[in-house]
Amino acid sequence: MTFPYKGYAGKYLDIDLTKGVVHKKDMEKDWARLFLGGTGISSKILWERTNAKTDPLSPENVLIAGTGPLTGVMFSPSGRMMFAARGPLTGVWAESHVGGFFGPEMKYAGFDFVLFNGRSKKPVYLFMRDGHAELRDATHIWGQETDITTKMIREEHKDPTIETAVIGPAGENGVLYSSITVDFYRAAGRAGLGAVMGSKNVKGLAASGALGLEAYDMDKFLEANEQEMAKLRDPLWKDSLASLRKYGTTDLVAVINEIGRLPTKNHWTGFYEQADDIGPEIIAEKYRIAQEACHGCAVGCKYIIQVKSGDYPTDPVGGPEYETIMAFGSNCLNNDIESIFYLGKRCDLLGLDTISCGKTIGFAMELYEKGILTERDTGGLELSWGNKEAQVELVELIAKREGIGKILANGVRKAAEQIGGDAWKYAVHVKGLEASGQDPRAHQSIGLTYATNVRGADHLRSLSSLEELGYPDIVIERFGEEKADAILDIMSPKYKGQVVWDMEDLYALVDSAVICKYTTMWPPVFYFDTFVNVIPSLTGMEEWSDPRYVRQTAERISHLRRAFNHRLGVTRKEETLPPRLLKEPMPTGPAKGGLPDLDEMLDEYYKYRGCDRETGYPLESKLLDLNLDFVVDELKPLKMIK
Amino acid sequence: MKAILAIEIELCTGCRSCELACSIAHSDSFNPKRSRIQILKDETRNLIVPMVCLQCEKPLCQEACPNGAIMENEQGILFVEKDICIGCLNCVTACIYGGIGMDPVTRKAVKCDLCRGDPACVKACQYGAIKLLSVTEGIHQRKKGVVPAFHILGVQVAEGQE
Ligand code: SF4
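Owing to the predicted nature of the structure, the values given are computational and were not obtained by experimental measurement. (Residues numbered from 1 in each chain as written. Chains lettered and ligands numbered in written order. Predicted model: local features only at pLDDT ≥ 70, side-chain atom pairs only at ≥ 80, totals over all residues. Heavy atoms only, no water.)

**Considerations on the domain arrangement of chain A**
Many structure descriptions define interface size as the accessible area lost when the parts assemble. Residues and elements named next belong to chain A. Domain parsing of chain A yields domain 1 (11-208), domain 2 (238-427) and domain 3 (444-638). Each of domain 1 and domain 3 was reduced to a C-alpha centroid, and the two centroids are 27 Å apart. Each partner contributes to the interface: domain 1 provides 38 residues, whereas domain 3 provides 40 residues. Interface of domain 1 and domain 3: buried area, both sides summed, is about 3300 Å²; carbon and sulfur atoms make up 71% of it. (Domains from an automatic or database assignment. Contact = heavy atoms within 4.5 Å. Buried area = accessible area lost by both parts, 1.4 Å probe.)

Laid out in structure tokens, this is it:
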């Protein structure tokens with residue numbers, strides 16, 4: 001039966017790289033019904049196609065490029081897509097999302113998903129246009145940086161409308177936190193999926209399409225979309241949106257430092273004295289030359305910078321996000337913003353995750369300070385705090401896996417193992433993923449988010465901005481009056497298990513739809529009702545007009561991703577925090593003295609999630625409720641359900 | 001009164017919502033490639049240029065059409081009569097502003113018809129970059145924004161045609 005739902009392109013590509021064959025297949029009805037798209041559908045596919053023995057960098061791993069029903073249709077923001085695989089940096093579930101224009105273009109070219117299986121004998125890239133897809137020789141572009149790669153692909157087809165998602169030298173060289181760069185300066189950064197692409201000898205994906213997408217009921221969908229847009233125009237959000245438009249995410253440098261949560265000196269503290277030097281005002285005044293937006297986006301947080309003189313001049317290029325400024329800036333005590341622009345740009349061109357890269361360099365700087373790494377190990381590089389020249393050199397060495405870069409290319413967890421001694425104490429990660437730009441000692445719930453995030457220590461699977469930035473009305477609306485005060489107290493662990501559980505489910509849909517964390521995480525405008533409102537008229541999936549069904553779907557996705565990790569050995573023991581964030585009280589700044597009460601929050605989280613408190617394993621009854629019988633069948637003999 | 005779409009190029013973020021809205025209005029689908037307004041981009045030079053029909057006084061497209069497929073509607077706005085258009089591309093070549101294009105699905109020429117006075121792109125643009133202005137105001141805006149961009153892009157704009 002052909003795929004019945006609208007909003008989707010309706011087809012996916014199942015590629016056997018080893019044989020060099022591209023199979024075009026109809027999307028499966030149950031994928032959409034039960035898992036929506038993006039993350040959800042990827043979890044189903046990866047559950048089936050990988051197992052506990054799948055080496056992340058082997059031909060057996062499957063790299064998924066996925067979109068959702070909202071990708072490319074009229075909905076703000078609709079420019080997003082995602083990648084997923086078993087991750088090389090962490091060994092567990094890995095997904096990474098990205099904006100720009102490639103996701104929509106892939107759907108306009110006719111495909112919702114691409115599955116890369118096997119390994120190509122020679123470098124190739126996937127080209128998709130108007131329902132056709134082929135693997136093309138990429139020998140001549142192998143080794144090129146991401147911007148040149150895109151230009152060469154466009155020139156080859158004489159088509160400037162082609163959008164791309166490509167890796168740079170880092171991904172080719174197997175740096176474990178390689179990114180996939182989309183449309184020049186956006187990145188599916190986290191968890192090293194660029195290395196998976198490189199291990200398959202795939203340089204990237206390119207698409208241009210005029211097939212378009214339909215709605216099941218266009219008038220009704222446009223009406224629903226208008227209702228959602230009206231929510232966005234509510235005066236309540238005016239300031240947040242204005243700030244995003246003026247500063248992009250750089251505003252967070254100031255906002256986050258104010259609450260003492262800005263990772264500084266390899267996460268030693270959460271307060272950076274020089275934050276103004278790398279903050280929003282100076283960027284907006286001196287360097288910002290234009291605003292940009294992803295496909296169909298009403299927020300428009302992207303901005304363009306130019307540096308005309310000095311040591312790090314650059315032509316107009318996408319400016320760094322908060323996380324990049326944090327990772328190379330405060331976290332390494334570098335207050336020279338021009339060098340941070342440069343480092344961010346190099347990472348995009350080389351195909352490196354700026355967060356993991358900056359964090360790994362900060363880790364190395366601390367080891368150098370402590371005498372665990374010396375100039376003999378670094379090849380003469382003086383890794384003192386704030387040494388921007390050393391940072392610049394390290395980025396190149398890491399991408400090439402040369403010198404000390406060979407070890408640092410493995411991320412902090414593996415690097416600490418290789419270096420030995422006390423190095424592990426300074427490796428700030430969960431499940432092997434370097435922590436992003438938050439700190440649970442200043443914000444309780446982010447501790448739980450880091451610990452339970454299926455891909456490791458970052459904010460994007462369940463961060464709550466409700467207490468971080470203070471949205472009392474929303475807290476009352478979602479969790480009730482009685483709980484509001486405790487929830488709004490950023491340092492209270494109370495009810496944070498419920499909040500994080502709720503956010504994780506919300507973002508499971510956000511990441512499956514696939515839309516952005518802006519308008520869902522911050523400001524917290526769209527909620528479960530948004531999906532109830534827009535999905536049925538767009539797709540024709542009737543059951544999506546039932547709020548209970550929508551929540552259940554979210555839970556199903558959350559549980560399937562967790563089960564994926566259980567199968568690989570993850571239990572409550574792994575759902576924890578690095579010693580620095582768990583046991584060293586915040587030494588300075590507004591959050592001085594803070595520590596997360598992780599156990600209390602975890603207990604509550606497991607209760608809401610439907611998991612066993614001792615192990616974190618799911619309850620059988622919960623899985624059966626969610627139609628995850630196939631998970632029960634596999635995990636029960638392994639004693640991984642309760 | 002005749003009106004034209006005026007673009008304020010500094011406000012445009014390149015989000016393509018206008019293309020989406022145009023394709024919905026004219027082809028009942030989400031398909032930017034079928035849009036009558038097209039956002040031209042060169043990311044490496046930070047160039048984002050919305051290209052749309054400027055409703056010229058002396059329309060080169062109409063002159064170039066061998067079949068007379070480009071005609072005026074009741075409001076005096078030129079549109080392409082798709083049953084007459086033979087898809088020869090003469091109009092597309094003739095228009096120096098990139099204001100008329102080919103619909104990749106029908107293979108017929110398409111140009112902006114101002115949505116009969118209430119353009120979908122204007123409503124869709126969240127950044128206020130597109131406005132519907134009277135010809136006099138609009139021409140002024142056109143000179144300010146679009147023409148310099150054309151120059152950067154290397155499009156020759158002949159004297160007197162602006
Ligand atoms: S909708 Fe407005 S901002 Fe977006 S591309 Fe069109 S003109 Fe530019």
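**With respect to the interface of chain A and chain B**
At the interface, 41 residues of chain A touch 25 residues of chain B. Here chain A and chain B share an interface that buries about 2500 Å² over both sides, 59% of which is from carbon and sulfur atoms. The three residues of chain A that bury the most area against chain B are A:Met74, A:Ala210 and A:Met218, which together make up 22% of that side's buried surface. There are two salt bridges connecting chain A and chain B. For the side of chain A that touches chain B, the secondary-structure elements that each account for two or more residues are helix H3 (102-108), helix H4 (146-157), helix H7 (218-232) and strand E13 (288-292) of chain A. (Salt bridge = Lys/Arg side-chain N within 4 Å of Asp/Glu carboxyl O. Helix = DSSP H or I, 4+ residues; strand = E, 2+ residues; numbered from the N terminus.)

**Some words on the packing of aromatic side chains**
All names here are of chain A. Counted under the stated rule, the structure contains 14 aromatic pairs over all chains. With a centroid separation of 5.4 Å and an interplanar angle of 80°, the aromatic rings of tryptophan 93 and phenylalanine 564 are classed as edge-to-face. Taken as a pair, tryptophan 93 in strand E5 (residues 93-98) and phenylalanine 564 in helix H24 (residues 547-567) lie far apart in primary sequence, 471 residues in all. Given a relative accessible area of 0%, tryptophan 93 falls into the buried group. (Phe/Tyr/Trp six-rings, centres within 6.5 Å; stacked < 30°, edge-to-face > 60°. Buried < 20%, exposed > 50% of the residue type's maximum accessible area, 1.4 Å probe, protein only.)

**Here we look at the sheet that holds strand E12 (residues 202-208) of chain A**
All names here are of chain A. Spatially, the six strands line up as an open sheet ordered E8-E7-E12-E9-E10-E11, and their pairing is mixed. Two strands close off the open sheet at either side, each with one partner strand: strand E8 (132-137) and strand E11 (186-188). Between one strand and the next, the sheet's axes are offset by a mean angle of 20°, whatever the strand orientation. Its contacts with the sheet place H4 against strand E7 (124-129), E8, strand E9 (163-166), strand E10 (180-182) and E12, and it is angled at close to 135° to E9. (Pairing = 2+ DSSP bridges. Axes fitted to C-alpha atoms, helices over the stretch in contact; angles between N-to-C directions.)

**As for empty space enclosed by the protein**
All names here are of chain B. The full count for this structure, using the stated rule, is eight cavities of 30 Å³ or more. In this structure, the second largest cavity encloses a volume near 160 Å³. Around the second largest cavity, the lining is made up of 16 residues, and of these Cys53, Gln55, Cys56, Pro59 and Cys61 lie nearest the centre. (1 Å grid on protein atoms, 1.4 Å probe; cavity = no way out; pocket = protein on both sides within 12 Å on 5 of 7 lines; lining within 4 Å. Points joined across faces, edges and corners; volume = space filled by probe spheres on them.)

**Re the pattern of salt bridges**
For the coordinates displayed, the defined rule picks out 55 salt bridges over all chains. Where A:Arg154 meets B:Glu43, a salt bridge forms, and the shortest distance between an N and an O atom there is 3.0 Å. Within this pair, whereas A:Arg154 is found in helix H4, its partner B:Glu43 is found in the loop between strand E2 (38-42) and strand E3 (47-51), the two belonging to separate chains. For the pair shown, A:Arg154 and B:Glu43 are each scored as buried. Two residues, A:Arg346 and A:Glu396, come together in a salt bridge whose shortest N-O distance is 2.7 Å. One end of the pair, A:Arg346, is in helix H12 (residues 337-350); the other, A:Glu396, is in helix H15 (residues 388-400), and 50 residues separate them in sequence. Note on A:Arg346: relative accessible area 13%, which makes it buried. When its relative accessible area of 21% is taken as the criterion, A:Glu396 is described as partly exposed.

**Thoughts on the nonpolar core**
In terms of nonpolar packing, the biggest core is built from 197 residues, with A:Leu70, A:Leu352, A:Phe531 and B:Phe30 touching the most fellow members. For this core, the leading source of residues is helix H22 (residues 496-513) of chain A, giving ten residues. Core analysis: the second largest hydrophobic core is formed by 32 residues, A:Leu17, A:Met81, A:Ala94 and A:Leu205 among them. (Core = buried A, V, L, I, M, F, W, Y, C linked by side-chain atoms within 4.5 Å.)

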